[in-house]
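Descriptive analysis of the structure
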Amino acid sequence: MSTYYFVIVGHNDNPIYEKEFSTVNKELRKEDHRHLSQFIAHAALDLVDEHKWKTANMQLKSIDRFNQWFVSAFITASQIRFIIVHDNKNDEGIKNYFNEMYDTYIKHSMNAFYRINTPIKSPMFEKKSEIFGRKYLLS
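Residues numbered from 1 in each chain as written. Predicted model: local features only at pLDDT ≥ 70, side-chain atom pairs only at ≥ 80, totals over all residues. Heavy atoms only, no water.

Bringing unusual backbone geometry into the picture now. Positive phi values are uncommon outside glycine, yet D13 reaches one of about 60 degrees. Residue Q79 is not a glycine yet carries a positive backbone phi of 70 degrees. Position of Q79 among the secondary structure elements: in the loop between β4 (69-75) and β5 (81-86). Classification of Q79 by relative accessible area gives partly exposed; the value is 29%. (Helix = DSSP H or I, 4+ residues; strand = E, 2+ residues; numbered from the N terminus. Buried < 20%, exposed > 50% of the residue type's maximum accessible area, 1.4 Å probe, protein only.)

Structural data, given as structure tokens:
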């Protein structure tokens, strides 16, 4: 059983995009599971900001832990933060997912009709996130 919660956080600590991946059936999952993931991701933002100045790497790996949940982060060149809350170690899959989503985010942000720090509502972005999640996180 694997569960992943991915969020892109803007400059004002606002969520730009959210996505959950799980091998558990949707009927078996609880609604407060998502709220817990959001809480853990938000609580880790200060640690992400602290760690980003200590390394030149964009990938911060596992920076925090809350009970059985791990928090991994990725910082873009424009200081947008990608955060994944997960319940098992999968460093290589998370790294590949972050890189693919970073490439997708760059292409989306270059769209003249998209304003930085606003929610992403693109069906293509959603589809690519789903494909990369199944490929790197759930396989």
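With that settled, the discussion passes to the packing of aromatic side chains. Under the criterion given, the structure shown has 13 aromatic pairs. Between F82 and F98, the ring centres sit 6.4 Å apart and the planes meet at 45 degrees, which makes this aromatic pair tilted. Note that F82 is positioned in strand β5 and F98 in helix α3 (residues 91-109), a separation of 16 residues in sequence. The same class applies to F82 as to F98, namely buried. A connected cluster of aromatic rings, assembled from ring pairs, spans F6, Y17, F21, F74, F82, Y97, F98, Y102, Y105 and F125. Over the aromatic face of F70 sits the side chain of K89, whose NZ or CZ is 4.7 Å from the ring centroid. (Phe/Tyr/Trp six-rings, centres within 6.5 Å; stacked < 30°, edge-to-face > 60°. Lys NZ or Arg CZ within 6 Å of the ring centre and 35° of its normal.)

It is worth spelling out the pairing of β4 at this point. Burial within β4 is extensive, with 7 of its 7 residues counted as buried. Of the two faces of β4, the one carrying W69, V71, A73 and I75 and the one carrying F70, S72 and F74 are both buried. The sheet contact formed by strand β3 (residues 59-66) and β4 spans 6 bridges and is antiparallel. When the sheet's bridge partners are listed, K61 is paired in β4 with A73. Connecting the antiparallel pair β4 and β5 is a turn made up of 5 residues, with Q79 showing a positive phi of about 70 degrees. (Pairing = 2+ DSSP bridges.)

None of this, on its own, says anything about what the molecule does.
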